[in-house]
Structures are given as C-alpha cells and as structure tokens.
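What follows is the residue order along each chain.
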Amino acid sequence: MVEGKINEIHAWAGKTPGLAVESWTYKPRPLGEHDVEIKINYNGICGSDIHTLKNDWGNTNYPIVVGHEIVGKVITVGDKVTAFKEGDIVGVGGQIHACLKSDCKACSRELDPHCPENMFVFNATYPDGTPTQGGFAEAVRVEDNYVHKIPASIDPVYAPPLMCAGLTVYTPMVRKGVKKGDRVGIVGIGGLGHLAIQFAKALGAEVIALSHSSNKREQSLALGASKFVDISNKEEVDSVRHSLNHLFVTSSAESNQYNEFISWMDFEGQIVLLALPKGTMSFHPGEFIQTEVSITGSLIGGRKAMSEMLEFAAKHNIRPMIERFPLSKVNEALEYVDSGKPRYRVVLESD
C-alpha cells in the first residue's frame, strides 16, 4: 500500500464562528488506493467559505479548514490510480465524492452534486468518521474521480476560481441550452458574474449585464457584454423588458426582485438562481401563466461538466480577474473578500 508524503498537514482553520482562522495541523486519513495526494499551490476564496466560517447556515463543524477552489501538484497516487501521475497540475472543486452508480437517479444523469452519497471537500464526514478538510492548507488528499487536470494553456494561478465560480455558471448555461443568438442577462457583475459574461459570450449569446453598480459598465463591456443596464435606471431597464431568453442571477438579490425579473423575460424565458436570495419568494400564479416564464436553480456541476468547463475555458481564453494574497495573510484576505471590494476573485498563494 502506497503511503502519503505529508502525514501531518499544516492548515488554517476556523475554531469558532467568525472570519478569523488560525494555524492548525491535522493528520489526514491514510492514502486510499483511489486517492490522489496534492501539494497545494493556490486556493481561491469563495463566498461559501465565509458563510461556513461564520456558521451562517448553522451547520459548521469546528475546527474547519475551508477552501474549495484548489490547484496544486500531484505528489502521490494510490495503487489503483491510473489517470494521474506525480507532477501533474490538477484542481479540486467543492465535491469530492459521489456513488457514480448507473442506477443512481442523480449520478446517472450527470447530476452527481445531488447524489445521496455526495461529499463536499470540507464540513462533511467520511464513513469512518474522519471530517473532510479543505484547501486553506499545504496539502489535501482526494478521491481520483474528483481530481481534474488543469489544461496546459491555463496559468495555474488563474485556475482556482474556475473550479467553483466557473463551474457554477458554465453548467446551467449548457444544461439550460444557451445557444448562439440567445439574449442572456447576467444579474450581478462580481465573482460569478464576470465569468458568466465570458462563458455566455463564448457560447454565442448576446449578453446583457445588469447591475446596480454603474461603475462596472466599462468592465462588463470589455468582458464581452453587448449592453450594460443600470438596474436603478428605469429607462435602461425598460429597454430590456420582455426580451431575455435566459437570466442568470449571480448575486443574492432580494427575493421580491424576482417579480421584476419576470418582466425582463421573453415568452418561455428561464430565470436561473445561482445564489440564494434572502427570505421567501411570493408570486401570483398569473405571472407564470401569462408569460410562460420558468424559475429554476443550479448547484455547482458534476465531474463531467467540470472537465468540459476547463477545456472550454482553455479553448476560449476565459479567465477570472484575480487579486493575489500569500496564504500567510489569509485573515487579511478573508476580511477583504467579506468587504465586497475585490475585482473579482481572491487567490491565496502558498508561501
């Protein structure tokens, strides 16, 4: 049996609810026959990392090492791993396990994030009771099914945001059938939205960026949007009413805004939630009958979608805009992300 090379992992862990993390070490599970051991070089910071550290969702198990946009180098592979070798540059996203059985209602339809056996890279538990720990660390061990090679044309420092944000916007665009000529709206031009503009443009759509931040107009147009709409400007909003085939909501819009969103849609248009709105939604049934608009959502993406997304991003030169921090300044980076100031994703670099 192959043994791992790093048997005590130095990490940065949250110990109590709040943003602060502190230096911590833990012993990983023994390297399994299908496991890949990765020396982490880069890790992105995502909003869900912050929600988890703060225990905003009420289910955080401490101590916890967050981070689910992991990129690094393979240093060890288990006995039965054939797709990877030492030295490969790879990435890991939010999911690290699913049953992948042909009779699984989720996995058989490439919806493995919904598999009953789904495990996330942190805040989950292996069958033996060991907690999973994420990428704010020097290394990680992950099942080979959820390790992905980073295409050679993508500089590894730009890859982490693709592992979550990129997958989150690409997957529903493909599954919901975005195609050449469609009018696609993107609400929220931030960590998800700036990538959504690029993916929609590459899929051949006419992209309309919609935001309350008018200072993002020029940036949105430079990223590939054909039009920018300031949501606080009635005249600009009126110019897109009843015209969109798809609307991807990448920001945590207030729940009552969705009634307004419906008015932007063409008949049979689709509104897709990629972020959780606060509160509950309330609609009159007539809003759906009269418009034939549908509202749906999407949860990250499966392993097949991840591989396809990385190749698509490489082919179409889709890259996140990033700001870089050394891992040793992770607390400073977390505060910065929580402030909402980054343009548009923060990547931690191992010191």
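Residue positions are given per chain, counting from 1 as you read along its sequence in written order. Only residues with pLDDT of at least 70 get local features here, since the model is predicted, and only at 80 or more are side-chain atom pairs given and counted; chain-wide, interface and lining totals rely on the full set of residues. Excluding hydrogens and water, the side-chain values take into account all heavy atoms of the structure.

Okay, the overall build of the chain next. Each helix corresponds to a stretch of at least 4 residues labelled H or I by DSSP, and each strand to a stretch of at least 2 residues labelled E; elements are numbered beginning at the N terminus. Within the chain, the secondary structure is distributed over nine helices and 17 strands. C-alpha extents for the chain along the principal axes are approximately 65 × 45 × 40 Å. Residues counted as buried form 55% of the 351 residues belonging to the chain. Of the contacts made within the chain by residues no fewer than 6 positions apart, 66% connect residues no fewer than 24 positions apart. Summing over all exposed atoms, the chain offers an accessible surface of approximately 15500 Å²; the carbon and sulfur share of this is 49%. Here the chain holds 35 positive side-chain charges and 42 negative ones, and the gap between their average locations is 3 Å. When a residue's accessible area, from a 1.4 Å probe over protein chains only, is under 20% of the maximum for its type it is buried; when over 50% it is exposed; and in between it is partly exposed. Whether two residues touch is decided by their heavy atoms; if any such pair falls within 4.5 Å, the residues are in contact. Accessible areas in this description were obtained via Shrake-Rupley with a 1.4 Å probe; residue shielding takes into account the shown protein chains only. Counted as positive: Lys and Arg. Counted as negative: Asp and Glu, with His and the chain ends omitted from the count. Where a charge sits is defined by one atom per residue type, namely NZ (Lys), CZ (Arg), CG (Asp) or CD (Glu).

Where helix 2 (residues 160-175) contacts helix 3 (residues 193-202), the axes come no closer than 9 Å and their chain directions differ by 50°. Relative to helix 3, the element helix 2 lies oblique. Pair helix 2 / helix 3 crosses with right-handed handedness. Where helix 2 abuts helix 3, its residues Pro161, Leu162, Ala165, Gly166, Val169, Tyr170 and Met173 lie against Leu195, Ala196, Phe199 and Ala200. Residues are grouped as follows: Ala, Val, Leu, Ile, Met, Phe, Trp, Tyr, Cys and Pro are nonpolar; Asp, Glu, Lys and Arg are charged; all remaining types, including Gly, are polar. Here the contact of helix 2 with helix 3 is built from residues that sort into 10 nonpolar, one polar and no charged. Throughout, an axis means a line fitted to C-alpha atoms (over the contacting stretch in the case of helices), and angles, computed between N-to-C directions, take values from 0 to 180 degrees. In what follows, roughly perpendicular refers to angles from 65 to 115 degrees, roughly parallel to angles under 35, roughly antiparallel to angles over 145, and oblique to any angle outside these ranges. Left-handed describes a crossing whose near helix is turned anticlockwise from the far helix by less than a right angle; the clockwise case is right-handed.

A word on the sheet that holds strand 14 (residues 265-273). Here, a strand pair is defined by DSSP locating no fewer than two bridges between the strands. Taken in spatial order, the six strands make up an open sheet running 12-11-10-13-14-15, and their pairing is parallel. Each edge of the sheet is formed by a strand with only one pairing partner; in this case those strands are strand 12 (227-230) and strand 15 (294-297). This sheet shows a mean twist of 20° between the axes of neighbouring strands, independent of strand direction. Bridging between strand 14 and strand 15 involves four bridges; their strand directions are parallel. From the neighbouring strand, Ile271 faces strand 15, where its bridge partner is Ile295.

Turning our eyes to something else, we now look at the packing of aromatic side chains. To pair, rings of Phe, Tyr and Trp, with the six-membered ring standing in for Trp, must have centres within 6.5 Å; the planes then decide the type, stacked if under 30 degrees apart, edge-to-face if over 60, and tilted in the middle. What the rule picks out here adds up to eight aromatic pairs. Look at Phe261 and Trp264: their rings are 4.9 Å apart centre to centre, the planes differ by 45°, and that puts the pair in the tilted class. Judged on exposure class, the residue Phe261 and its partner Trp264 are both buried. Residues Phe283 and Phe288 carry aromatic rings whose centres are separated by 5.3 Å and whose planes lie at 65° to one another, so their mutual orientation is edge-to-face. Members of the aromatic cluster, joined through ring pairs, are Tyr170, Phe199 and Phe312. Only when the NZ atom of a Lys or the CZ atom of an Arg is both within 6 Å of the ring centre and within 35 degrees of the ring normal do we say a charge sits over the ring. It is Arg29 that lies over the ring of Tyr126; its NZ or CZ is 3.7 Å from the centre.

Interaxial distance between helix 1 (residues 47-54) and helix 9 (residues 330-338) falls to 10 Å at its minimum, and their mutual angle equals 105°. Between helix 1 and helix 9, the angle is such that the two are roughly perpendicular. Together, Ile50, Leu53 and Lys54 of helix 1 and Leu334, Val337 and Asp338 of helix 9 make up the contact between the two elements.

What follows covers helix 9. Three or more residues of helix 9 are buried, namely Val330, Ala333, Leu334 and Val337. When helix 9 is viewed along its axis, its buried side chains cluster within an angular range of 100° and face the same direction. One or two positions beyond helix 9, positive phi appears at Gly340, with a value near 80°. Arc definition: directions from the helix axis to the C-beta atoms.

Time to look at the nonpolar core. We call a set of buried residues a nonpolar core when its members are Ala, Val, Leu, Ile, Met, Phe, Trp, Tyr or Cys and they connect through side-chain atoms within 4.5 Å of each other. With 53 residues, the main nonpolar core has Ile45, Phe136, Val147, Val330, Leu334 and Leu348 as its most contacted residues. Residues within four places of Leu334 in sequence aside, it is in contact with Leu19, Val21, Ile45, Ile50, Leu53 and Phe136.

Just to be clear on terms, a salt bridge is a Lys or Arg side-chain nitrogen sitting within 4 Å of an Asp or Glu carboxyl oxygen. Counted under the stated rule, the structure contains 17 salt bridges. Across the salt bridge formed by Glu206 and Arg183, the nearest N and O atoms sit 2.9 Å from each other. In this pair, Glu206 sits in strand 11 (residues 206-211) while Arg183 sits in strand 10 (residues 183-187), placing the two residues 23 residues apart along the sequence. Among the ionic pairs, Arg324 bridges to Glu349, the shortest N-O distance being 2.8 Å. Of this pair, Arg324 sits in strand 16 (residues 322-326) while Glu349 sits in strand 17 (residues 345-349), and the two are 25 residues apart along the sequence. When salt bridges that share partners are traced, they join Lys234, Asp238, Arg241 and Glu260 into one network.

If you trace the backbone, His246 turns up in strand 13 (residues 244-249). Looking at His246, the relative accessible area reads 4%, which means it is buried. Contacts described as polar in this section are N or O atom pairs within 3.5 Å, which, within protein, must combine one atom able to donate a hydrogen with one able to accept it, while residues neighboring in sequence count only if both atoms come from side chains. A polar side-chain atom of His246 sits 3.2 Å from a polar atom in the side chain of Asp182. Contacts of His246, omitting those with residues within four sequence positions, involve Lys176, Gly177, Val178, Asp182, Arg183, Val184, Gly185, Met265 and Gln270.

Attention shifts here to unusual backbone geometry. With omega at -5°, the peptide bond leading from Tyr62 into Pro63 counts as cis. Positionally, Pro63 belongs in the loop between helix 1 and strand 4 (70-77). Backbone geometry places Glu268, a non-glycine residue, at a positive phi of 65°. Looking at the element boundaries, Glu268 is found in strand 14.

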